[in-house]
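As a plain string of letters, each chain reads:
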Amino acid sequence: MFSLVLVLSSCNESAPPPPSPVVPRVAATLLTVRTIIPGEKGLIHLVIVSDSKVRFGNESGRWRLLDLRKRSVTFVDETAKTYVSRSLNDLIREKEESFERDMPDSIPTARITETERRTIAGRDCRNYQVTMGKYVRDICLSVNSVVGDGFFPLYVASEQNDNPYAGAMRAVFRKLITLEGFPVLDRGELASGQAPLLIEKVLVKSETKQVPVEWVTVPAGFRNLGEPENATSPGGGHRPALSAPRDRKAPAAE
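So, how was this worked out
- Positions within a chain are numbered from 1, following the residues in the order the chain's sequence is written.
- Where totals are concerned, whole chains, interfaces and linings use all residues; where local detail is concerned, this predicted model gives features only for residues with pLDDT of at least 70, and gives and counts side-chain atom pairs only at 80 or more.
- The basis for every side-chain value is the complete set of non-hydrogen atoms in the structure, without hydrogens or water.
- Each pair of strands is called paired provided DSSP finds at least two bridges between the two strands.
- Counting from the N terminus, the helices are the DSSP runs of H or I reaching at least four residues and the strands are the DSSP runs of E reaching at least two.
- Each aromatic pair joins two rings of Phe, Tyr and Trp (for Trp, the six-membered one) with centres within 6.5 Å, and gets the label stacked for planes under 30 degrees apart, edge-to-face for over 60, and tilted for any other angle.
- Whether a residue is buried, partly exposed or exposed follows from its accessible area with a 1.4 Å probe, protein chains only, as a fraction of its type maximum: under 20%, in between, or over 50%, in that order.

Here we look at the sheet that holds strand β7 (residues 111-120)
The strands making up a sheet are joined through hydrogen bonds of the backbone, oriented either antiparallel or parallel.
Stage number 1. With mixed pairing, twelve strands are arranged side by side in an open sheet as β7-β8-β9-β10-β11-β1-β2-β3-β4-β5-β6-β12. At either margin of the open sheet sits one strand with a lone partner, and together these are β7 and β12 (223-224).
Stage number 2. Sheet topology note: the strand β1 (residues 25-36)/strand β2 (residues 43-50) ladder contains seven bridges and is antiparallel. Counterpart to R34 in the pairing with β2 is I44.

Below, the structure is given as structure tokens:
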């Protein structure tokens, strides 16, 4: 009878759960940016900064990974599982080529001027105003770097621009790629009828956290379009996703 009890007791014991895989993490600065559009619910996204890498949490599917140290931008396509890197000089040259398109004489030329410094959320900022006809854009760049040197030229040069009238922005573009800082405030307004069209982006918080290293890494196995056909990314980890991956959450923007 004694031995039978021991056998039954042993059978009822459950095996310990397997240990959870360790997710490699890295220290990062998380910048919370709020987008305000009158009449619509405000949107919040993160800008993730780790070492010299910068990624935007509102870009998914196709996204940019800025490398401030190498002065380059990597464009990642999660659907095609490919990526390609472009130097700042390459991006500037491609932009300049797009400015060569013919434009109607009726399209006004954009201009940029530096205005008085402003203090926004306790940050000293240089203020620049872009005007183009009825459109006005105010860009307030932090004097003390929030991200790192070289961020703003890479950010501007790598922005997608399908505007057929891009040539009107040539002088503004050439000025913007010489500036430094992070846009603490980026506000655009277009006079239209009774109510102007307005969109405003504001930096509302900066904090330091440990985040999965995959957030600032090209996913493993992705093909490099700038290399031979069999070249794949050396990065490790799972698919990075800053906008609500199904099985994990990005740090919440409070």
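Next, the rest of the story.
A few points about the packing of aromatic side chains
Remark: the centre distance and the inter-plane angle together describe each pair of aromatic rings, the angle taken between the planes.
Stage number 1. Within this structure, the stated rule accounts for six aromatic pairs.
Stage number 2. Ring geometry for F56 against Y155: centres 5.6 Å apart, planes inclined by 45 degrees, an arrangement best described as tilted. Within this pair, whereas F56 is found in strand β3 (residues 53-56), its partner Y155 is found in helix α3 (residues 151-157), the two being separated by 99 residues in sequence. In this structure, F56 and Y155 share a single accessibility class: buried.
Stage number 3. Judged by centre distance (6.0 Å) and plane angle (40 degrees), the ring pair of F152 and Y155 falls under tilted. Pair noted here: F152 and Y155 are both in helix α3, with a separation of three residues, about one helical turn. Accessibility classification places F152 together with Y155 in one group, the buried group.
Stage number 4. Each member of the aromatic cluster is reached from another via a ring pair, and the members are F56, F151, F152, Y155 and F182.

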